[in-house]
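Architecture and fold: a report
The residues making up each chain are set out below.
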Amino acid sequence: MTRSARKLLEEIQAELAPRDDDNRLVPLITAGRAPRAVFAALAAEEKLITLSDWRSFHALAARADEPNARTFFGGLAPGEQQANGMLDALLAATGPDHGKERPRAGCQVYPAYVAWLALNGESSATAAGIFANFAAFGRYCRDVAAGMRAHYGFTDEQCAFFDFFAADVPEIEEQALAAIQAGLDAHRLDEREAHRCARLFQSYELLFWNTLADEFPG
């Protein structure tokens, strides 16, 4: 009997869950203890990440030879372009990023891994690894947006990037499940690779936030 894509995702997310709270920056922001300068750094780093991921998702879609995988990756690319534009208002409000290391290696390793997968990753395992981390990233963004409004006086326009990624998009989930199920049905998806991919995504995601937490301690 063919495995269920949803069951696989649930297993991967259960494996990731114990580390979801290892993000040290988001609690500082939600408590209003992070310095305002952290938002200039967040915006500057995300500006680079969204542009890189936009290209990487297009490359993943172009390389995928399975229709559901092409749909999933192709659907992610426009969101990265849209999110990139949403950062302009935050950059205008915070001013330039004055960090000593720009861009920060700890922040840019995430998009570097996405770019690596665009050349080397099996499509359905990559889809599983990416989507397994969406829920945690959405929670981080929701909490950041709430902290920005409550403690730092940012406007809706300036919080738009984080609001965008905090929103649930059922269509993306459906596309991810279809891509993963296609890989399972064709016996192309190596579950060990899917778990490994998800763990690396989580580690690089946490490294992004914690690199900034170390630079901007509360």
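Residues numbered from 1 in each chain as written. Predicted model: local features only at pLDDT ≥ 70, side-chain atom pairs only at ≥ 80, totals over all residues. Heavy atoms only, no water.

**Observations regarding the state of the cysteines**
Put plainly, two cysteines are in a disulfide when a covalent bond ties their sulfur atoms together. Inspection of every chain in the model, using the stated rule, returns zero disulfides. Residue cysteine 107 stays outside any disulfide, its sulfur separated by 14 Å from that of cysteine 141, the closest cysteine. No disulfide involves cysteine 159; its nearest neighbouring cysteine sulfur is the one of cysteine 141, lying 11 Å away. Look at cysteine 159 and you get buried, because its relative accessible area is 0%. (Disulfide = S-S within 2.5 Å. Buried < 20%, exposed > 50% of the residue type's maximum accessible area, 1.4 Å probe, protein only.)

**Here's the deal with empty space enclosed by the protein**
Tallied over the entire structure, the rule returns one cavity of 30 Å³ or more. Volume-wise, the largest cavity comes out at about 30 Å³. As for the largest cavity, its lining consists of Asn133, Ala136, Phe137, Tyr140, Gln202, Glu205 and Leu206. A class-by-class count of the residues in the lining of the largest cavity yields four nonpolar, two polar and one charged. (1 Å grid on protein atoms, 1.4 Å probe; cavity = no way out; pocket = protein on both sides within 12 Å on 5 of 7 lines; lining within 4 Å. Points joined across faces, edges and corners; volume = space filled by probe spheres on them. Nonpolar A, V, L, I, M, F, W, Y, C, P; charged D, E, K, R; others polar.)

**A word on the nonpolar core**
In this structure, Phe39, Phe162, Trp209 and Leu212 are the most contacted members of the largest nonpolar core, which totals 36 residues. Those elements that provide at least two residues to this core are helix H2 (25–30), helix H3 (37–63), helix H4 (67–94), helix H7 (134–151), helix H8 (160–166) and helix H10 (191–215). Here the element with the most residues in this core is H7; it accounts for seven residues. Apart from the residues within four sequence positions on either side, phenylalanine 162 is in contact with Leu42, Leu90, Cys141, Val144, Ala145, Met148 and Trp209. By size, the runner-up hydrophobic cluster in this structure holds 35 residues, among which are Ala69, Phe72, Phe73 and Ala127. (Core = buried A, V, L, I, M, F, W, Y, C linked by side-chain atoms within 4.5 Å. Helix = DSSP H or I, 4+ residues; strand = E, 2+ residues; numbered from the N terminus. Contact = heavy atoms within 4.5 Å.)

**Brief notes about the packing of aromatic side chains**
The description of two aromatic rings rests on the distance between their centres and on the angle between their planes. Summed over the entire model, instances satisfying the criterion amount to 15 aromatic pairs. With a centroid separation of 6.1 Å and 15° between ring planes, the pair formed by tyrosine 113 and tryptophan 116 is classed as stacked. Here the residue tyrosine 113 and the residue tryptophan 116 both occupy positions in helix H5 (residues 105–120), the gap between them amounting to three residues, near one helical turn. The exposure class of tyrosine 113 is buried, given its relative accessible area of 10%. Assessed through its relative accessible area of 47%, tryptophan 116 is described here as partly exposed. (Phe/Tyr/Trp six-rings, centres within 6.5 Å; stacked < 30°, edge-to-face > 60°.)

**Thoughts on unusual backbone geometry**
In this structure, the amide linkage connecting arginine 102 to the following residue, proline 103, adopts the cis form with an omega of -10°. Relative to the elements of secondary structure, proline 103 occurs in the loop between H4 and H5. The phi angle at histidine 187 is positive, at roughly 60°, despite the residue not being glycine.

**Considerations on the packing of helix H1 (residues 5–16) against H10**
Close contact between H1 and H10 brings their axes to 10 Å; oriented N to C, the two are set at 40°. Taken together, H1 and H10 sit at an angle that is classed as oblique. The way H1 lies across H10 gives a crossing that is right-handed. Contacts from Leu8, Glu11, Ile12, Glu15 and Leu16 in H1 reach Glu191, Ala194, His195, Ala198, Arg199 and Gln202 in H10. Looking at side-chain class alone, the contact of H1 with H10 contains five nonpolar, two polar and four charged residues. (Axes fitted to C-alpha atoms, helices over the stretch in contact; angles between N-to-C directions. Parallel < 35°, antiparallel > 145°, perpendicular 65-115°, else oblique. Left-handed = near helix turned anticlockwise from the far one by under 90°.)

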